[in-house]
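Descriptive analysis of the structure
Below, each chain spelled out in residue letters.
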Amino acid sequence: MSVPVFEEYEPAIDCACAGCAVRRRSAARALPVRRGGHPAAHGARRALVLATAAGVVLSCGAAGAAAAAGHAPWAPRADGDAGPEPAPANPQGEKGPLRGAGASGPPSAGAAAPRTTRAEIIDRAQRWVNAKVPYSMEKYWSDGYRQDCSGYVSMAWNLGANEWTGSLAAYGTRIARSDLQPGDILLFHNPADPAKGSHVTIFGGWTSGARTHYVAYEQARPRTRKQSTPLAYWNNSDRYVAYRYKGVTGGSPGSGSSTAFPGAERFGPGANNKYVTQLGRMLVQRGGKRFYAVGPGPVWGTADKRATQAFQQAQGWKGKEADGIPGPHTWRLLTSGGGRNIPAAGAGGSPNTAVPFPGRGYFQPGQSNSHVDRLGKQLVKKGYGKHYVSGPSPLWTEADRRNVEAFQRAQGWRGGAADGYPGPETWRRLFA
């Protein structure tokens, strides 16, 4: 990682960052203190010393001195920004209900973590990035969430209140860093002194197969940002802990999520439970909508068996492996987004059959599947693989996105139509 280049700056008298505080303190120590002279001069020097001391006391470590401050080398303050606000006594903001237009009141006692998907978490996180929500530990955005790092995660996880770094872990399950998936968080809470380094980021996916950097969604000065970040953070890296939201649907079995296979006895004739509904919904998302006349429900029916069998056959399975009853392997592929989708009616079920556009969800940071690998190979075949260093792979990386963007621009597309993420038309033209 390259060494940051710092720019000279004059420490603002009201800036709360650690850098300005140190510069003010050094300047105050350098002032000559002489006895006698005009009383007004003494008063001016005393005011400067008091202002310096106040700056030190108010210095905020919400994201670390180098990460949260407005003078951070990797996120320089833009011209026209008003600068960081003075930090309140509690740098995390206090735990409390939502406020403003989005307020819904405090959560009921013992309220369970609301259910949500990884895609929804990332979508909510991106909204603040798009809106360029200013960082503040005292203000609240229009959705009712506090505009600091923990308020941002509270919003993305769709919690019913504004939490802080000392309470977010209660809504998650601790996981290994190697198990991180989009929507999980990396949390550092310093209980001895929350003002020193406490911070939290949302994991958006690995930037490469080396897994040394990841896409971090975070709320830090001067505004919400999304950028490549070294694992786990620029400072205090070894003190960050990975957590997975307890209410998330989707993920790897055995990693603390609710996606572990519930058992074959939950499915088949006579079954009536929530897992049948969950199975049906996943099958619909994977191309099985045509099998359901009414929609997935808790009672096992012929539609569930036919849709499950179609999914199994799409993987190239035969005989007992494609009997229409989900087993651990079928469940794992469905909950993780792996494997092949159910082909369209009349397209056949052979694994060698070209399938229609599988959906945007397969081409996001952190995704690893055969569709990404197929896309990469086709990009190379079409002459749009210059950003690959080691060649296409099943893991979606920034190289894939840049190659797709190059292909989209070659079609004459601009703006959101050339964002590097394949849609149905990009897919059609690539495989035409």
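Now for a look at the structure at hand.

Rules behind the numbers
Residues numbered from 1 in each chain as written. Predicted model: local features only at pLDDT ≥ 70, side-chain atom pairs only at ≥ 80, totals over all residues. Heavy atoms only, no water. Buried < 20%, exposed > 50% of the residue type's maximum accessible area, 1.4 Å probe, protein only. Helix = DSSP H or I, 4+ residues; strand = E, 2+ residues; numbered from the N terminus. Pairing = 2+ DSSP bridges. Salt bridge = Lys/Arg side-chain N within 4 Å of Asp/Glu carboxyl O. Axes fitted to C-alpha atoms, helices over the stretch in contact; angles between N-to-C directions. Parallel < 35°, antiparallel > 145°, perpendicular 65-115°, else oblique. Contact = heavy atoms within 4.5 Å. Nonpolar A, V, L, I, M, F, W, Y, C, P; charged D, E, K, R; others polar. Core = buried A, V, L, I, M, F, W, Y, C linked by side-chain atoms within 4.5 Å. Polar contact = N/O pair within 3.5 Å; in protein donor to acceptor, adjacent residues only side chain to side chain.

A short note on the pairing of strand β7 (residues 213-219)
Strand residues, when the strand is regular, have side chains that alternate between the two faces of the sheet. Burial analysis of β7 places 6 of its 7 residues in the buried class, which makes it a mostly covered element. When β7 meets strand β8 (residues 224-230), the two strands line up antiparallel, connected through 7 bridges. Bridge pairing in β8 places Gln219 opposite Thr224. Between the end of β7 and the start of β8, which pair antiparallel, lie 4 residues.

Thoughts on the pattern of salt bridges
Counted according to the given criterion, the structure contains 11 salt bridges. Among the ionic pairs, Lys377 bridges to Asp373, the shortest N-O distance being 3.2 Å. One end of the pair, Lys377, and the other, Asp373, are both in helix α9 (residues 370-381), 4 residues apart, so they sit about a helical turn from each other. Looking at Asp373, the relative accessible area reads 18%, which means it is buried. Here the salt bridges do not stand alone but share partners, grouping Glu398, Arg401, Glu405 and Arg409 into one network.

Some thoughts on the environment of Ala260
By the element assignment, Ala260 lies in the loop between β10 (248-249) and α6 (274-288). Sequence-wise, Ala260 and Thr335 are 75 residues apart; in three dimensions their C-alpha atoms are separated by 8.7 Å.

Quick notes on the packing of helix α4 (residues 118-131) against helix α5 (residues 149-156)
The contact between α4 and α5 brings their axes to 8 Å, and the two run at 135 degrees. When the axes of α4 and α5 are compared, the pair comes out oblique. Touching Ile121, Arg124, Ala125, Trp128 and Val129 of α4 are Tyr152, Met155 and Ala156, all from α5. Taken together, the residues of the contact of α4 with α5 break down into 7 nonpolar, no polar and 1 charged.

Let's talk about the nonpolar core
Counting 26 residues, the largest nonpolar core has Tyr152, Val153, Trp157, Ile185, Val200, Ile202 and Tyr217 as its most contacted members. Broken down by secondary-structure element, the contributors of at least two residues to this core are α4, α5, β5 (185-188), β6 (199-206), β7 and β9 (241-245). Core analysis: the second largest hydrophobic core is formed by 19 residues, Val276, Leu283, Tyr292 and Trp317 among them.

Examining the side chain of Asn369
Turning to its location among the elements, Asn369 is positioned in the loop between α8 (328-336) and α9. Relative accessible area serves as the criterion here: at 5%, Asn369 is assigned to the buried category. At 3.3 Å, the side chain of Asn369 forms a polar contact with the backbone oxygen of Tyr362.

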